[in-house]
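# Geometric and topological summary
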Amino acid sequence: MIDRFKKMSGRAIVCFSALFLIAVFLIGCTFSLVYESALRKRGKLTQTVYTFSDFEAYSFKDGENGAVITTDNDPQMILEGERYLTNIRFHMDYTVFPGEITMYYTVKEGQGFSERKRVWAKHVRGEDGYYEFDLPAKKVLSIRIDPTMYAGNELSFGDFVFNGEKSAADYYRVGYTHVYLLIVYTVILSACIRFVQELFIKFTK
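Calculation rules
- Residues numbered from 1 in each chain as written.
- Predicted model: local features only at pLDDT ≥ 70, side-chain atom pairs only at ≥ 80, totals over all residues.
- Heavy atoms only, no water.
- Core = buried A, V, L, I, M, F, W, Y, C linked by side-chain atoms within 4.5 Å.
- Buried < 20%, exposed > 50% of the residue type's maximum accessible area, 1.4 Å probe, protein only.
- Helix = DSSP H or I, 4+ residues; strand = E, 2+ residues; numbered from the N terminus.
- Contact = heavy atoms within 4.5 Å.
- 1 Å grid on protein atoms, 1.4 Å probe; cavity = no way out; pocket = protein on both sides within 12 Å on 5 of 7 lines; lining within 4 Å.
- Points joined across faces, edges and corners; volume = space filled by probe spheres on them.
- Nonpolar A, V, L, I, M, F, W, Y, C, P; charged D, E, K, R; others polar.
- Salt bridge = Lys/Arg side-chain N within 4 Å of Asp/Glu carboxyl O.
- Patch = residues over 30% accessible without salt bridge, like charges linked within 9 Å, V, L, I, M, F, W, Y side chains within 5 Å.
- Areas by Shrake-Rupley, 256 points an atom, 1.4 Å probe, with all protein chains shown as cover.
- Expected span 1.5 Å × (residues − 1).
- Phe/Tyr/Trp six-rings, centres within 6.5 Å; stacked < 30°, edge-to-face > 60°.
- Lys NZ or Arg CZ within 6 Å of the ring centre and 35° of its normal.

Judged by nonpolar contacts, the single largest core of 26 residues is most densely connected at F55, I88, M103, F133, I143, F160 and F162. Those elements giving two or more residues to this core turn out to be β5 (76–94), β6 (102–106), β9 (130–146) and β10 (154–162). The contact partners of F162, leaving out residues within four places of it in the chain, are T46, Q47, T48, Y50, F55, L79, R83, L85, N87, I88 and I143.

Okay, structure coming up:
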């Protein structure tokens, strides 16, 4: 086994690294599927619908026809309450492209919102104006949604659907981010394996 490892070519190391990371990804997807299915059966992961008025909103003023207008570049929508959370889907119209749409969450009492617990919204493919935050199911105590980066943006919101049902295929869906991370981590893992291989060759001569 050690001799075979010492003789692995650079191409073989890259292929092994990529296949290993793909296997880890698939195992993680399967775990999420099983875990979230169990939470739903136990009634802990339930679909709930909220509206903008259910949030505690900061840096907004009323606009026309039910819209709201941001008053600075850091508008926030905060919702308190312990719940299991795996996704939030919502519809939003705007007058200025919103830039990054982010969600922060806390998992402990007294914990503040931080970049370590942050999720970016993804545009729902094929559904104009719909966005989704997606994360592995976890118990959260509060969430904060920052719907735009700009002041003076007039926003109109539809319902915010928490923990919408997923199909089995949804857990294994691959996006551009996954492909990018696969390439980056394959390069890093291959370099680490190559380094260990060279150490084995050096110290076993």
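Having seen the structure, we can now continue with the description.
Turning our attention to the layout of surface pockets. Put simply, the largest pocket is a space of about 1800 Å³. Considering the residues around the largest pocket, the lining is formed by 41 residues, among which K122, D134, R173, G175 and H178 are closest to the centre. Secondary structure elements with two or more residues in the lining of the largest pocket: α2 (10–41), β5, β7 (118–120), β8 (122–123), β9, β10 and α3 (176–203). With eight residues, the single largest contributor to the lining of the largest pocket is α2. Looking at the lining of the largest pocket residue by residue, the class counts come to 20 nonpolar, eight polar and 13 charged.

Side chains carrying opposite charge are able to pair once their charged atoms draw close together. A full pass over the atoms with the stated rule returns eight salt bridges. The closest approach of N and O atoms between K166 and E36, which form a salt bridge, is 3.7 Å. Residue K166 is found in the loop between β10 and α3, and its partner E36 is found in helix α2; the two are separated by 130 residues along the sequence. We note a salt bridge from D134 to K166, for which the minimum N-O separation is 3.1 Å. Taken as a pair, D134 in strand β9 and K166 in the loop between β10 and α3 lie far apart in primary sequence, 32 residues in all. On the basis of relative accessible area, D134 is assigned to the partly exposed category, the value being 33%. Accessibility expressed as a relative area gives 22% for K166, which makes it partly exposed. Through salt bridges with shared partners, a single ionic network connects E36, D134 and K166.

Turning our attention to the environment of V34. In this fold, V34 is placed in helix α2. Spatially, the C-alpha atom of V34 lies 31 Å from that of D146, the residues being 112 residues apart in sequence.

Before going further, it helps to examine a nonpolar patch on the surface. Taken together, the side chains of F195, V196, L199, F200 and F203 make up a nonpolar region of the molecular surface, amounting to roughly 480 Å² of accessible area. Structurally, F203 can be placed in helix α3. Classification of F203 by relative accessible area gives exposed; the value is 64%.

On to α3. For α3, which comprises 28 residues, the first-to-last C-alpha distance of 41 Å matches the rise-based estimate of 40 Å (1.5 Å per residue) to within 8%. Burial in α3 covers these residues: T186, S190, I193 and Q197.

Once that is clear, we can look at the packing of aromatic side chains. Tallied over the full model, the rule gives eleven aromatic pairs. Where F31 meets Y35, the ring centres are 5.8 Å apart and the plane angle is 10 degrees; that geometry is what we call stacked. Of this pair, F31 and Y35 both sit in helix α2, four residues apart, which is roughly one turn of the helix. Owing to a relative accessible area of 30%, Y35 belongs among the partly exposed residues under this scheme. Every member of this aromatic cluster is reached through a ring pair, and the members are F52, F55, F60, F90, Y131, F133, F157 and F160. Residue placement shows R144 over the ring face of Y104; its charged tip is 4.4 Å from the ring centre.

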